[in-house]
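Spelled out from the first residue to the last, the chains are:
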Amino acid sequence: MTPHADPEAGAAVKAADRAHVFHSWSAQGLIDPLAVAGAEGSYFWDYDGNRYLDFTSGLVYTNIGYQHPKVVAAIQEQAGKLATFAPAFAVESRSEAVRLIAERTPGDLDKIFFTNGGAEAVENAVRMARLHTGRPKVLSAYRSYHGGTATAINITGDPRRWASDNGTAGVVHFWAPFLYRSPFYSTTESEECARALTHLEDTIAFEGPQTIAAIVLETIPGTAGIMTPPPGYLAGVREICDRYGIVFVLDEVMAGFGRTGTWFAAEHFDVVPDLITFAKGVNSGYVPLGGVAISAEIAATFDKRPYPGGLTYSGHPLACAAAVATIQVMEDEKVVENAARIGETVLGPGLRELAERHPSVGEARGLGVFWALDLVRDRETHEPLVPYNATGEANAAMAAFGAACKKNGLWPFVNMNRTHAVPACNVSEAEVKEGLAALDAALAVADEWVA
């Protein structure tokens, strides 16, 4: 598809949006949404004919890019055959989707409960853990995001939780490891791992192990900063959970389905949780779909006891058909392998090289096509380029950086003092180099704000 200008059509789309659409996470009178005319592969474009390389993958979900013809065709074919059906029945696309997903989950996580997205997956994972253990509390990390629904937002550790924080939700937050901004004054990854595990054990001891149903962690935190845990940390959490009878939940809504160069990020750490939540990349976001992969032990809890949860559109045939086609495309086109190769040979080295040359970059970190640049005012002190949760004038430096990216044809993922490089998993080497060049130019603008 080729972008073409149609400003009049774009103005009509924009006017209807501003008149009626209530946007998430936004002050409605302060936003100016871009009217999108189309998208294909790693690019999208507006009605003025401006084309952007998408380094956000939507919201980190278009793992095979936009409008992949095989997935579009599968949705069309399913719509012609069976557009929808209730979740209590066995449906071909649903059965095939669970088979393909279960083949790729680690360990014995072979039962799949479908949801409409990641937040609902987290809601149900926590419900399963509480029912399985008979315990009320859930532990999660401060630097995290798990969704916007009632339980998921309370488990979340970032500021989006604050307005909806419910003191009776039974959620306790703790510090997960992050050496670059260590809460434990560590100087090495091994120190950070050991001290973070000690802190977690202390938290459990003071909260009462017998009261804790689950520990919920993003395998690699996404929106909070793409902080890869140090070697041994997730294995240590697994051991702690086993010792105290706590359900270990890994949230792979963002990190799963090829994003880190493996089907699930847990594979990098040789750890098998009791539950995995997923969404986004399972069908590249073409039709809303999420789910919980469940261990044999937890699934057995509900063999004779009804599970008290369900969704009208659980395992929707169109969404499942999209998942089947997406997984097949990822296999046939070696998309997971591409993500690993691109991260190791192009994206990772390119971002590290930018970090060396630009004083506004404190650290480049990531795996596969899941990377972040931590922007700073001072490399020595690690002072962030803008304050935590900055808005308005306090966020001017990051706003200037984002505007520079867009001016150079790159749509960036900007959050607080970071920019994330999260292109499609099937991104090409040439596209990554195009993105790196745009980032290079935009970081020169960020450099102007360095102390």
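The sections below set out a description of the structure shown in this document. (Residues numbered from 1 in each chain as written. Predicted model: local features only at pLDDT ≥ 70, side-chain atom pairs only at ≥ 80, totals over all residues. Heavy atoms only, no water.)

1. Quick word on the sheet that holds strand 9 (residues 275–278)
Taken together, 7 strands build an open sheet; the order of strands is 4-10-9-8-7-5-6 and the sheet is mixed. The sheet is open, and its two borders are formed by strand 4 (111–115) and strand 6 (171–174), each paired with just one other strand. Strand-to-strand twist in this sheet, taken as the mean axis angle between neighbours without regard to direction, amounts to 20°. As judged from the 4 bridges shared by strand 5 (residues 137–141) and strand 6, these two strands associate in the parallel manner. Within the sheet, the bridge partner assigned to Leu139 lies in strand 6 and is Val172. (Pairing = 2+ DSSP bridges. Helix = DSSP H or I, 4+ residues; strand = E, 2+ residues; numbered from the N terminus. Axes fitted to C-alpha atoms, helices over the stretch in contact; angles between N-to-C directions.)

2. Thoughts on the sheet that holds strand 14 (residues 410–411)
Spatial ordering of the open sheet is given by 1-2-3-14, a layout of 4 strands whose pairing is mixed. Each edge of the open sheet carries a strand with a single partner, namely strand 1 (36–40) and strand 14. With 3 bridges joining them, strand 2 (residues 43–46) and strand 3 (residues 51–54) adopt antiparallel strand pairing. Looking at the pairing, Trp45 lines up with Arg51 of strand 3.

3. Structural notes on the pattern of salt bridges
When the charged atoms of two side chains lie near each other, side chains of opposite charge can form a pair. Taken as a whole and assessed by the stated rule, the structure comprises 22 salt bridges. Two residues, Asp158 and Arg160, come together in a salt bridge whose shortest N-O distance is 2.8 Å. Take Asp158: its relative accessible area is 8%, and that puts it in the buried class. Here Arg160 falls in the partly exposed class, since its relative accessible area comes to 24%. Among the ionic pairs, Arg357 bridges to Glu353, the shortest N-O distance being 2.5 Å. Taken together, the positions of Arg357 and Glu353, both in helix 11 (residues 335–357) and 4 residues apart, correspond to about one turn of that helix. Residue Arg357 is classed as partly exposed on the basis of its relative accessible area of 42%. Owing to a relative accessible area of 34%, Glu353 belongs among the partly exposed residues under this scheme. (Salt bridge = Lys/Arg side-chain N within 4 Å of Asp/Glu carboxyl O. Buried < 20%, exposed > 50% of the residue type's maximum accessible area, 1.4 Å probe, protein only.)

4. A short note on empty space enclosed by the protein
Tallied over the full model, the rule gives 1 cavity of 30 Å³ or more. If you add up the space inside the largest cavity, you get close to 170 Å³. For the lining of the largest cavity, the secondary-structure elements that each account for two or more residues are strand 7 (212–218) and helix 8 (233–244). Examining the composition of the lining of the largest cavity, we find that 3 residues originate from one element, strand 7, more than from any other. Partitioning the lining of the largest cavity into residue classes produces 13 nonpolar, 3 polar and 2 charged. (1 Å grid on protein atoms, 1.4 Å probe; cavity = no way out; pocket = protein on both sides within 12 Å on 5 of 7 lines; lining within 4 Å. Points joined across faces, edges and corners; volume = space filled by probe spheres on them. Nonpolar A, V, L, I, M, F, W, Y, C, P; charged D, E, K, R; others polar.)

5. Describing the packing of helix 11 against helix 13 (residues 429–447)
The contact between helix 11 and helix 13 brings their axes to 11 Å, and the two run at 15°. Between helix 11 and helix 13, the interaxial angle falls into the category roughly parallel. Crossing of helix 11 over helix 13 shows right-handed handedness. Together, Arg341, Ile342, Val346, Leu347, Gly350, Leu351, Leu354 and Arg357 of helix 11 and Glu429, Val432, Lys433, Leu436, Leu439, Asp440 and Leu443 of helix 13 make up the contact between the two elements. (Parallel < 35°, antiparallel > 145°, perpendicular 65-115°, else oblique. Left-handed = near helix turned anticlockwise from the far one by under 90°. Contact = heavy atoms within 4.5 Å.)

6. Points about the layout of surface pockets
If you add up the space inside the second largest pocket, you get close to 520 Å³. Surrounding the second largest pocket, 22 residues form its lining, Val98, Lys111, Ile112, Phe113 and Phe114 being those nearest its centre. Mapped onto the lining of the second largest pocket, the elements with two or more residues apiece are helix 4 (92–104), strand 4 and helix 9 (296–301). Among the elements that make up the lining of the second largest pocket, the one with the highest residue count is strand 4 (4 residues). Of the residues in the lining of the second largest pocket, the class split is 15 nonpolar, 3 polar and 4 charged.

7. Considering the environment of Val324
With respect to the helices, strands and loops of the structure, Val324 is situated in helix 10 (residues 317–332). Between the alpha carbons of Val324 and Val71 there is a distance of 8.5 Å; along the sequence they are 253 residues apart. Residues within four places of Val324 in sequence aside, it is in contact with Ser93, Glu96, Ala97 and Leu100.

8. As for helix 7 (residues 189–207)
Taking 1.5 Å per residue as the helical rise, helix 7 with its 19 residues ought to reach 27 Å, and the 27 Å between its terminal C-alpha atoms agrees with that figure. Among all positions of helix 7, only Glu192, Cys193, Ala196, Leu197, Leu200, Thr203 and Ile204 are buried. Down the axis of helix 7, the smallest arc covering the buried residues is 125°, so these residues share one side. Exposed residues pointing more than 90 degrees away from the buried face of helix 7 are listed as Ser190, Ala205 and Phe206. Along its buried surface, helix 7 packs onto strand 5, strand 6, strand 7 and helix 8. (Expected span 1.5 Å × (residues − 1). Arc of directions from axis to C-beta.)

Limitation: the analysis is restricted to geometry and does not speak to function.
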